[in-house]
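# Overview (structure and organization)
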Amino acid sequence: WGILFSHPRDFTPVCTTELGRAAKLASEFSKRNVKMIALSIDNVQDHLSWSKVWGVGRRKGSLHCCLALKARGKAHTEQSTGSELRISNPKVCGIGAGQTSSAQPLTLSSCAQVFIFGPDKKLKLSILYPATTGRNFDEILRVVDSLQLTAYKKVATPVDWKPGESVMVVPTLPDEEAKKLFPKGVFTKDLPSGKKYLRYTPQP
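Residues numbered from 1 in each chain as written. Predicted model: local features only at pLDDT ≥ 70, side-chain atom pairs only at ≥ 80, totals over all residues. Heavy atoms only, no water.

Going by an unreviewed UniProt entry, the chain carries the name Peroxiredoxin-6 and comes from Cathartes aura.

Right under this line is the structure:
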């Protein structure tokens, strides 16, 4: 699993607090087998200098690396990987909606973005924040927990769900198969319509 956090520029106040929070939560993301990558448009030397603020990002187990995106779409790290970063959705903030190519270079804008990718290298979630609003890392961890439960256990998570609470059986799973997969039981919530599609089970 991987998470890309985009930042408008290095040395921005809100983003500095976010990198500090990400470093503090590095062990939590590691438990979930998630690697974090911070993206910014500035050069590597600026990244190295910024990462020293409040001890952010330079110690073991913190942010995986920091990328500098050049205008030509190349991503350069300290190791100069030179790999090209592309994204399939051309309507993501920073990419012109009028472009028709199915794989446009990912560019950064004044918004702050979060992209979560699964082991299959497919985009699982994207969140767009204004640059003036700090990202909620408790929510990002909660989302990762939810995505991983769906990927591995065939369940969904209801509104305001927190780890440890009951989850929902996905609609595509037949009742008989659900009973076998979830030995703790499947419970259906009564609805005015009489339909039995809200199926809950204790978190696997």
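Next comes the rest of the write-up.
### Some remarks on the sheet that holds strand S10 (residues 155-156)
An order of S10-S11-S13-S12 is seen for the four strands of this open sheet, with the pairing classed as antiparallel. The two strands at the open ends of the sheet, each matched to only one other strand, are S10 and strand S12 (187-188). When S10 meets strand S11 (residues 167-169), the two strands line up antiparallel, connected through two bridges. Residue pairing for S11: Val155 is matched across the bridge by Val169. (Pairing = 2+ DSSP bridges. Helix = DSSP H or I, 4+ residues; strand = E, 2+ residues; numbered from the N terminus.)

### Focus on the UniProt feature "active site" (unreviewed entry) in the chain
Per the UniProt entry, the sites bearing "active site" (unreviewed entry) are Cys15 in this numbering. The class of Cys15 is buried, set by a relative accessible area of 3%. Discounting residues that sit within four places of it in the chain, Cys15 has contacts with His7, Pro8, Trp50 and Arg135. (UniProt positions renumbered as here; feature names shortened; annotations may be inferred. Buried < 20%, exposed > 50% of the residue type's maximum accessible area, 1.4 Å probe, protein only. Contact = heavy atoms within 4.5 Å.)

### Quick notes on the pattern of salt bridges
Across all of its chains, the model carries 11 salt bridges by this definition. A salt bridge links Arg32 to Asp145; the shortest N-O distance between them is 2.7 Å. With Arg32 in the loop between helix H2 (26-31) and strand S2 (35-40) and Asp145 in helix H4 (residues 137-153), this pair connects stretches of sequence that are 113 residues apart. Just as Arg32 is buried, Asp145 falls in that class too. The shortest N-O distance in the salt bridge between Asp120 and Lys124 comes to 2.9 Å. Among the charged side chains, a salt-bridge network with shared partners connects Glu28, Lys31, Arg32 and Asp145. (Salt bridge = Lys/Arg side-chain N within 4 Å of Asp/Glu carboxyl O.)

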